Amino acid sequence: MRTVLPEAFCSRMRKQLGEEFPAFLRSMENPPVRGIRMNPLKPCRIQDQFRGNDPVPWAENGYYLQADSTAGSTIWHEAGAFYIQDPSAMIPMAVLSPKGGETVLDLCSAPGGKATQAGVMMAQRGLLVCNEPVPKRAAVLSGNIERMGIRNALVVSAWPDALASRWPEGFDAVLADVPCSGEGMFRRDPETITEWSADKAAGCAERQRDIMAAAQAMVRPGGRLVYSTCTYNPAENEENVRWFLQQWPNWHTEPFSLPGIDAPEGYYTCYPHRIRGEGQFIALLRKEGEGEPSLPEDRTVLKAGRNEKQFPAEQIPCLPEATHLFGSTLIRTEFLPDIQGIRVLRAGLHLGEIRGKNFFPDHAAADYAFRSGAQRSEISPREGIRYLGGETVIGSEKGWTVVCCDGLALGWGKGSDGVIKNHYPKGLRQGRLS
């Protein structure tokens, strides 16, 4: 079916691209490009099936995915072996290049593709703060952080200016992947075409500037900020970068280069007739000066006492020692910044809850326990589908056990009399997996 683009959009793009416009128009008739990122935090055999695909040149662990692939509806996807992501969307975090030991903020983080990419790049070291102001989207973000096994993440839900007042100059690196008019999604999501209008970009640009103002305040001297959108509109892209530099003269753009991408001016627009991906704009900005991030430690969340530290390991060996009691949940985190007044959905690795004399392990702790040698119950892929749907499985193990399949932890079960009772979270259960 021919994609019918708004005439006002085409008129602007004709001026914007000049002689390249016919090639752009032809590219918009092609199917959207799909990608997949392998998760090295959860190595397993199923990942080898995708490593023969064409690699995404600018993203480590990224591969192109066939248009008709059903990888996203398999038990391997649910268990966090990989993340389905547009190849162009892998560029902003590759440009930000977070490193282990840094403090990193993904300011507009849902659904979590870029955040989980950062978590892999940081190799579980340092602090990764993932923020999403909209509560329902924040819940999806938290679920993807859990699914991909990111243990050094703090997932919060707050407006950017609230975070800026709490954490000034607190981060080495910030990604502001801002809401936009969505022109780069026209191929992937045709509904965005009907929602588009020439006036929408003006409203988006104003909101984007508010987010940029909050973002820059949270970067330490000498730190970096990546500003990105999924639109082609200069009002939301280059013009916003120019506005930013006028407002804060202590910032400058910084050239960057990735395989297949060269940005000598410090910003780059992905057009589908130029690269194998959807629309994306990326700008790399550097704050002048030198300094360390100044994130104060939180002193309001209870530290884990001796009983809380020992109790989980007594019932489930191989779990790490808790550091904090977050509500009724025991967690482990190397550092917890000041979170007073901020809604927190996830902090570090959730270990589980103490209920009376019993400890109930958290779903997020299953993979850690699996890789640390905890008792496990191996099942087939077909049984895995039933397990993720909430059914019991057969097994001789007794007590808490990690239900696993082909090198991946699926979740917890509790064995008795030849049956493993299902403890996969009800909110995650799936009825349509292949």
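Check the entry above for the structure.
Here's a quick rundown of the structure. (Residues numbered from 1 in each chain as written. Predicted model: local features only at pLDDT ≥ 70, side-chain atom pairs only at ≥ 80, totals over all residues. Heavy atoms only, no water.)

1. Focus: the overall build of the chain
Stated precisely, the cut-off is as follows: Helix and strand labels come from DSSP, where a helix needs a run of H or I of at least four residues and a strand needs a run of E of at least two; each type is numbered from the N terminus. In this scheme, a residue with accessible area under 20% of its type's maximum is buried, one over 50% is exposed, and one in between is partly exposed, where area comes from a 1.4 Å probe on protein chains only. The contact definition used throughout considers only heavy atoms, calling two residues in contact when any of these lie within 4.5 Å. Accessible areas in this description were obtained via Shrake-Rupley with a 1.4 Å probe; residue shielding takes into account the shown protein chains only. Only four residue types enter the tally: Lys and Arg on the positive side, Asp and Glu on the negative side, with His and both chain ends excluded. Where a charge sits is defined by one atom per residue type, namely NZ (Lys), CZ (Arg), CG (Asp) or CD (Glu).
Along its length, the chain carries 13 helices and 24 strands. Seen through its C-alpha atoms, the chain measures out along the principal axes to roughly 70 × 50 × 35 Å. Residue burial in the chain is summarised as follows: out of 434 residues, 56% are buried. Here the analysis covers contacts within the chain between residues at least 6 apart in sequence; of these, 72% occur between residues at least 24 apart. Carbon and sulfur atoms make up 49% of the accessible area of the chain, which totals about 18,700 Å². Taken as two groups, the 49 positive and 51 negative side-chain charges of the chain have centres that lie 5 Å from each other.

2. Regarding the layout of surface pockets
As a reminder, the rule being used: Using a 1 Å grid laid over the protein atoms alone, points where a 1.4 Å probe fits but cannot get out form a cavity; open sets with protein on both sides within 12 Å along at least 5 of 7 lines form a pocket; any residue with an atom within 4 Å of a point counts as lining. Grid points are joined across faces, edges and corners, and a volume is the space filled by probe spheres set on the points. Put simply, Ala, Val, Leu, Ile, Met, Phe, Trp, Tyr, Cys and Pro go in the nonpolar bin, Asp, Glu, Lys and Arg in the charged bin, and everything else, Gly too, in the polar bin.
When its volume is computed, the largest pocket comes out at roughly 1,000 Å³. Of the residues forming the lining of the largest pocket, the biggest block, five residues, is contributed by helix H9 (residues 198-217). Looking at the lining of the largest pocket, its residues break down into 17 nonpolar, nine polar and 14 charged. The computed volume of the second largest pocket comes to approximately 480 Å³. Forming the walls of the second largest pocket are 31 residues, and the residues nearest its centre are Glu78, Gly143, Asn144, Glu146 and Arg147. Elements supplying a minimum of two residues to the lining of the second largest pocket: helix H3 (75-78), strand E3 (82-84), helix H6 (135-147), helix H12 (365-371) and strand E23 (408-416).

3. Here's the deal with the pairing of strand E1 (residues 34-38)
For clarity, the cut-off: Following DSSP output, two strands are said to pair if at least two bridges run between them.
The buried fraction of E1 is high, at four of five residues. Pairing analysis gives four bridges linking E1 to strand E2 (residues 62-65), with the strands arranged antiparallel. Following the sheet pairing, Arg34 is matched in E2 by Leu65. Sheet analysis places E1 next to E3, joined by three bridges and oriented antiparallel. If you follow Arg37 over to E3, its bridge partner there is Tyr83.

4. Observations concerning the side chain of Asn237
Position of Asn237 relative to the elements: it lies in the loop between strand E8 (219-229) and helix H10 (238-247). A residue is classified by how much of its surface remains accessible, and Asn237, at 0% relative accessible area, is buried. The contact partners of Asn237, leaving out residues within four places of it in the chain, are Tyr227, Thr229, Thr231, Tyr232 and Phe281.

5. Let's talk about the packing of aromatic side chains
Any pair of aromatic rings gets described here by the distance separating the centres and the angle formed by the planes. Convention followed: Ring geometry is summarised as follows: Phe, Tyr and Trp rings, the Trp one being its six-membered ring, pair when their centres sit within 6.5 Å, and such pairs are stacked at plane angles under 30 degrees, edge-to-face over 60 and tilted between the two. Look at NZ for Lys and CZ for Arg. If either is within 6 Å of the ring centre and within 35 degrees of the ring normal, a charge sits over the ring.
Tallying each qualifying case throughout the model produces 18 aromatic pairs. Ring plane angle 80° and centroid distance 5.9 Å describe the contact between Phe360 and Trp400, whose orientation is recorded as edge-to-face. Within this pair, whereas Phe360 is found in strand E19 (residues 358-361), its partner Trp400 is found in strand E22 (residues 399-405), the two being separated by 40 residues in sequence. According to the relative accessible area criterion, Phe360 is partly exposed, its value standing at 25%. We classify Trp400 as buried; its relative accessible area is 11%. Pairwise contacts between aromatic rings join Phe9, Phe21, Phe24, Phe186, Trp196, Tyr232 and Tyr271 into one cluster. When the ring centre of Tyr64 is taken as origin, the NZ or CZ atom of Arg276, which lies over that ring, is 3.9 Å away. A cation over an aromatic ring shows up here: Arg355 above the ring of Phe360, its NZ or CZ 4.2 Å from the ring centre.

6. Topic: the sheet that holds strand E24 (residues 419-422)
Note the following rule: Simply put, an axis is a line fit to the C-alpha atoms, just over the touching stretch for a helix, and the angle between two N-to-C directions goes from 0 to 180 degrees.
The strand order E20-E22-E23-E24-E21 describes an open sheet built from five strands, whose pairing is mixed. In this open sheet, the two edge strands, each paired with only one partner strand, are strand E20 (376-378) and strand E21 (393-394). Pairing geometry for E23 and E24, over four bridges, is antiparallel. Within E24, the position partnered with Lys414 by the bridge is Lys421. Where helix H13 (residues 381-388) meets the sheet, it contacts E21, E22, E23 and E24, and its direction lies at approximately 75° from that of E23.

7. Describing H13
Applied cut-off: Each direction from the helix axis to a C-beta atom contributes to the arc, which is the arc of those directions.
Of all the residues in H13, the buried ones are Gly384, Tyr387 and Leu388. Taken end-on, H13 shows its buried residues confined to a sector of 90°, consistent with a single buried face. Of the surrounding elements, those touching the buried residues of H13 are H3, E21, E22, E23 and E24. One or two residues past the end of H13 sits Gly390, with phi positive at roughly 105°.

8. What about the pattern of salt bridges?
Going by this rule: Salt bridges are defined by distance alone: a side-chain nitrogen of Lys or Arg within 4 Å of a carboxyl oxygen of Asp or Glu.
Evaluation of the coordinates by the stated rule reveals 17 salt bridges. The residue Glu102 makes a salt bridge to Arg224 at a minimum N-O spacing of 2.8 Å. Pair noted here: Glu102 is in the loop between helix H4 (91-96) and strand E4 (103-106) and Arg224 is in strand E8, with a separation of 122 residues, a long-range link. Since its relative accessible area comes to 12%, Glu102 is described here as buried. We classify Arg224 as buried; its relative accessible area is 7%. In this structure, Arg286 and Glu254 form a salt bridge, with 3.0 Å as the shortest nitrogen-oxygen distance.

9. Observations concerning the side chain of Ser88
Positionally, Ser88 belongs in the loop between E3 and H4. Note on Ser88: relative accessible area 0%, which makes it buried.

10. Re the sheet that holds strand E18 (residues 349-355)
If you walk across this open sheet you meet the five strands as E14-E15-E16-E18-E19, and the pairing is antiparallel. A single partner strand is all that each edge strand has here, and the edge strands are strand E14 (302-303) and E19. Of the strand pairs in this sheet, E18 and E19 are connected by four bridges, and their pairing is antiparallel. Each bridged residue has a counterpart across the sheet, and for Gly352 the counterpart in E19 is Pro361. Running over the sheet, helix H11 (residues 306-315) touches strand E16 (329-332), E18 and E19 and is turned about 75° from E19.

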